[in-house]
Amino acid sequence: MEFNFQFDWQAAIDSLPFLLKGLPYTLLISFAGLAIGFVIGIVFGLMRIGPSRWIRWPAVVYVEVFRGTPVLVQVLFIFYGLPTLLGGPIDALTAGIAAIALNAGAYISEIVRGGVQSIERGQREAGLSLGLSAPQTFRYVIWPQALRRMIPALGNQGIVSIKDTSLFSVIGVGELVRQGQVYIANTFTALEVYFMIALLYLAITLSLSLALSLLERKGLVG
Amino acid sequence: MNDSVNREEADQASGTSPIVRLAGVNKHFGRLHVMQDIDLSVAQGEVVVIIGASGSGKSTLIRCVNGLEPFQSGRIEVDGKTLLPNGASGKSLQAVRTEVGMVFQQFNLFPHLSIRDNVTLAPRKVRGMTRRQADAIADRLLERVGISDQADKHPTQLSGGQQQRVALARALAMEPRLMLFDEPTSALDPEMIGEVLDAMRELVNDGMTMMIVTHEMGFAREVADRVVFVHGGQIVEQGPPDQLFDQPRHERTQAFLSRVLKH
Ligand SMILES: Nc1ncnc2c1ncn2[C@@H]1O[C@H](COP(=O)(O)OP(=O)(O)O)[C@@H](O)[C@H]1O
Ligand SMILES: [Mg+2]
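Here the residue numbers are simple positions, counted from 1 along each chain's written sequence. Naming scheme: in the order in which they are written, chains are lettered from A and ligands are numbered from 1. Totals for whole chains, interfaces and linings use every residue, but because this is a predicted model, local features are given only for residues with pLDDT of at least 70 and side-chain atom pairs only at 80 or more, for both listing and counting. Processing note: side-chain calculations cover all non-hydrogen atoms of the structure and skip hydrogens and water entirely.

Colleague: Tell me about the packing of aromatic side chains, and name the residues and values.
Modeller: Aromatic pairing here means that ring centres of Phe, Tyr or Trp (its six-membered ring) are within 6.5 Å. Orientation follows from the plane angle: under 30 degrees is stacked, over 60 is edge-to-face, and everything else is tilted. Under the defined criterion, the tally for this structure stands at nine aromatic pairs over all chains. Relative to tyrosine 62 of chain A, the ring of phenylalanine 44 of chain A lies with its centre 4.4 Å away and its plane at 35 degrees, an arrangement referred to as tilted. One end of the pair, phenylalanine 44 of chain A, is in helix 2 (residues 23-48); the other, tyrosine 62 of chain A, is in helix 3 (residues 53-67), and 18 residues separate them in sequence. Each residue is assigned to one of three classes by its accessible area relative to the maximum for its type, calculated with a 1.4 Å probe on protein chains only: buried under 20%, partly exposed between the two thresholds, exposed over 50%. According to the relative accessible area criterion, phenylalanine 44 of chain A is partly exposed, its value standing at 21%. By relative accessible area, tyrosine 62 of chain A is classed as buried at 8%. With a centroid separation of 5.2 Å and an interplanar angle of 35 degrees, the aromatic rings of phenylalanine 229 of chain B and phenylalanine 256 of chain B are classed as tilted. Numbering of helices and strands runs from the N terminus; a helix is a DSSP stretch of H or I covering at least four residues, while a strand is a stretch of E covering at least two.

Colleague: Before we move on, could you go through the pairing of strand 10 (residues 234-239) of chain B and cite the residues and values that matter?
Modeller: Residues and elements named next belong to chain B. One ladder, built from five bridges, connects strand 9 (residues 226-231) with strand 10; its direction is antiparallel. Residue pairing for strand 10: valine 228 is matched across the bridge by glutamine 238. Paired strands are those between which DSSP finds at least two bridges. Counted along the chain from strand 9 to the antiparallel partner strand 10, the turn is two residues long, and its residue glycine 232 has a positive phi close to 55 degrees.

Colleague: Account for the site of ligand 1, with residues named and values stated.
Modeller: Residue and element names in this part refer to chain B. Taken together, the neighbourhood of ligand 1 is formed by Phe29, Leu32, Val34, Ala53, Ser54, Gly55, Ser56, Gly57, Lys58, Ser59 and Thr60. Polar contacts here mean pairs of N or O atoms no more than 3.5 Å apart (in protein, one a potential hydrogen donor and the other a potential acceptor; neighbouring residues in sequence count only if both atoms are side-chain atoms). Within the backbone of glycine 55, an N or O atom sits 2.7 Å from an oxygen atom of ligand 1. One of the side-chain nitrogen or oxygen atoms of serine 59 is found 2.6 Å away from an oxygen atom of ligand 1. Shrake-Rupley sampling with a 1.4 Å probe provides the accessible areas, and residues are treated as covered by the protein chains on show and by no other component. For ligand 1, whose accessible area on its own is 560 Å², the fraction buried by protein is 61%. Breaking the shell around ligand 1 down by element, the ones donating at least two residues are strand 2 (32-43) and helix 2 (58-65). In terms of residue count, helix 2 provides more of the shell around ligand 1 than any other element does, three residues in total. Split into classes, the residues belonging to the shell around ligand 1 amount to four nonpolar, six polar and one charged. Residue proximity to a molecule or strand is established when one non-hydrogen atom of the residue lies within 4 Å of it. Any residue outside Ala, Val, Leu, Ile, Met, Phe, Trp, Tyr, Cys, Pro, Asp, Glu, Lys and Arg is labelled polar, Gly included; the first ten of those are nonpolar and the last four are charged.

Colleague: Hey, could you go over helix 6 (residues 160-172) of chain B for me, with residue numbers and the actual values?
Modeller: In this analysis, the expected span of each helix is defined as 1.5 Å times one less than the number of residues it contains. A rise of 1.5 Å per residue sets the reference length of helix 6 of chain B, with its 13 residues, at 18 Å; its end C-alpha atoms lie 18 Å apart and thus fit the reference within 8%. The buried fraction of helix 6 of chain B amounts to 13 of the 13 residues, a majority that puts the element mostly inside the structure.

Colleague: Explain the pattern of salt bridges to me, and be specific about the residues and the numbers.
Modeller: The rule for a salt bridge is simple: a side-chain nitrogen of Lys or Arg has to be within 4 Å of a carboxyl oxygen of Asp or Glu. By the definition in use, this model includes 26 salt bridges over all chains. Across the salt bridge formed by glutamate 64 of chain A and arginine 67 of chain A, the nearest N and O atoms sit 3.3 Å from each other. Here glutamate 64 of chain A and its partner arginine 67 of chain A are both found in helix 3, three residues apart, which amounts to about one turn of the helix. Taking the shortest distance from any N to any O, the salt bridge between aspartate 246 of chain B and arginine 221 of chain B comes out at 2.9 Å. Linking aspartate 246 of chain B in helix 9 (residues 241-246) with arginine 221 of chain B in helix 8 (residues 217-223), this pair joins segments that are 25 residues apart in sequence. On the accessibility criterion, arginine 221 of chain B (33% relative accessible area) is partly exposed.

Colleague: Lay out the sheet that holds strand 2 of chain B in plain terms, naming residues and giving numbers.
Modeller: All names here are of chain B. Read from one edge of the open sheet, four strands run 2-1-4-5, paired in antiparallel fashion. Both edges of this open sheet fall to strand 2 and strand 5 (81-83), since each of them pairs with a single strand only. Strand-to-strand twist across the sheet, computed as the mean angle between neighbouring axes with direction ignored, equals 20 degrees. In this structure, strand 4 (residues 73-78) lies alongside strand 5, joined through three bridges in antiparallel fashion. Note that in strand 5 the partner of isoleucine 76 across the bridge is leucine 83. Contact criterion: two residues are considered in contact whenever any of their non-hydrogen atoms come within 4.5 Å of each other. Note on geometry: axes are C-alpha line fits, over the in-contact stretch for helices, and angles between N-to-C directions span 0 to 180 degrees. Where helix 3 (residues 91-99) meets the sheet, its contacts fall on strand 4 and strand 5, and the angle it forms with strand 5 comes to roughly 115 degrees.

Colleague: Run through the environment of alanine 187 of chain B, naming residues and quoting values.
Modeller: Locating alanine 187 of chain B in the fold gives a position in the loop between strand 7 (178-182) and helix 7 (190-205). In this structure, the C-alpha to C-alpha distance between alanine 187 of chain B and phenylalanine 107 of chain B, residues 80 residues apart in sequence, is 8.7 Å.

Colleague: Describe the packing of helix 2 of chain A against helix 5 (residues 92-117) of chain A, listing the residues and the values that go with them.
Modeller: All names here are of chain A. With their axes 5 Å apart at the nearest point, helix 2 and helix 5 run at an angle of 40 degrees to one another. With respect to helix 5, the axis of helix 2 lies oblique. As helix 2 packs across helix 5, the resulting crossing turns out to be right-handed. Class assignment of the residues belonging to the contact of helix 2 with helix 5 gives a composition of 20 nonpolar, eight polar and three charged. Throughout, the term roughly parallel applies to angles under 35 degrees, roughly antiparallel to angles over 145, roughly perpendicular to angles from 65 to 115, and oblique to all others. Less than a right angle of anticlockwise turn of the near helix away from the far helix marks a crossing as left-handed, whereas a clockwise turn marks it as right-handed.

Colleague: Outline helix 1 (residues 9-20) of chain A, supporting the account with residue identities and numerical values.
Modeller: All names here are of chain A. For helix 1, built from 12 residues, the straight-helix expectation of 16 Å at 1.5 Å per residue is met to within 8% by its first-to-last C-alpha distance of 17 Å. Along helix 1, the residues that are buried comprise Ala11, Ala12, Ser15 and Leu19. Buried residues in helix 1, looked at end-on, bunch into an arc of 95 degrees, giving them a common side. Along helix 1, exposed side chains directed more than 90 degrees from the buried face belong to Trp9 and Pro17. The opening residue of helix 1 is aspartate 8, an N-cap whose side-chain oxygen sits 3.0 Å from the backbone nitrogen of glutamine 10. Each direction from the helix axis to a C-beta atom contributes to the arc, which is the arc of those directions.

Colleague: Quick one: what's the story with the sheet that holds strand 10 of chain B, residue by residue and with numbers?
Modeller: Residue and element names in this part refer to chain B. Read across the open sheet, the six strands follow the order 6-7-8-3-9-10; overall the sheet is mixed. A single partner strand is all that each edge strand has here, and the edge strands are strand 6 (100-103) and strand 10. If you compare each strand with its neighbour and ignore which way they point, the axes differ by 20 degrees on average. Pairing analysis gives four bridges linking strand 3 (residues 47-51) to strand 8 (residues 209-213), with the strands arranged parallel. Within strand 8, the position partnered with isoleucine 50 by the bridge is valine 213. Those strands touched by helix 3 are strand 6 and strand 7, and its axis lies near 65 degrees from that of strand 6. Relative to strand 9, helix 10 (residues 251-260) is tilted by about 100 degrees, and along the sheet it contacts strand 3, strand 9 and strand 10.

Spelled out as structure tokens, the structure:
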């Protein structure tokens, strides 16, 4: 068998400096989005198991809406749609961060809810029986255990959201994919450039996986 | 009921007011009437053992005393604080819980904390003790229950008997005025039951007021001032252990005892 294409390593390496300019945007959107999404997820996840339906209901609606629609549609809506409502433009970076935050927040709400509900009833009862208030029982007894159980699912969501940022080239954020497209337009080296972009995503997601598995292993003892 | 009236008279006569008093307490789980007009008083320093078949409402009864179960009518007084029906107890709920310790069948230690921190958590967060103060108390209590060399381990590294003794130390760290035990040895391997009962015996000797749900009839006979037999959500019969075990008056008590004392 003979292949008549050539992978040009030199072209791949040459593209790297230009591609790397997109890396900070990819990282910024991912991590700012996920950090805000985590806060949203805690708030709405706890609302979903709240004491009254007026607390649970808005959380259910939020989760269903943002889990049930594509993140690409969400970012297009925010970037192109919302300005007509707000009467002013939203910059692409902000739109990207907001889309990741809202989308990941919906999934993280479910992760938080599942994590908290997975803690045995006896843990809460033990905390309360010692005289801890309900919030103290949550903070010192339930949450630390729930958080530990949530780590694998959170890591999973982190990886999904990092990859989702690649869609935001459509609104012109200069992240990895966007940088690649610009570079290819001038050099016609699609094979090498997309290969390098894939490698860069892999480097980010593998680092996250590694960090989380370290955290999890340490958590088992500490 | 007559029993509780006599009891109150006896309390007044001896000058000790009860530390726990349930008066006309009713509780339903849906259609199930698990506590039917329960009247029960426990005097300071008294050891009351509650026996009865599985599902008769023993756990529910003692869990009401520290407000882990809400009830629908009647009132419960614990050390001068009143628990009201339908979760209307307000501030007195937490106040009661800080004064009442509980040991559970499943230990319910906090798996993410060291043995020492299991014991110090409530003294630090509820009583506002410093870590040093709380550690000193924890070390003393862990020594007392024979776990002092394991303080830095985590609960899962201990045997069931050791975990239950830690759970006892954890409850005692709050210096409770009353201790509740819900089948503290039922989840233990037989060879570990003795060590937990020993730790409880020591507490009895110290004069702790205790309400104990257990199937250990020998232990009940030994430590109880009074044995209460519960059936179908009602207190069927109560009395000193010798009387209740040797001359049970009610046929339900007789039937229950003949089943459990056979072996
Ligand atoms: N949370 C609950 N919801 C519904 N029924 C319950 C609940 N807890 C206990 N019960 C029922 O109440 C009855 C008494 O339970 P319990 O107090 O645990 O009995 P015991 O401790 O004597 O075995 C049982 O029939 C049990 O099935
Ligand atoms: Mg029970």
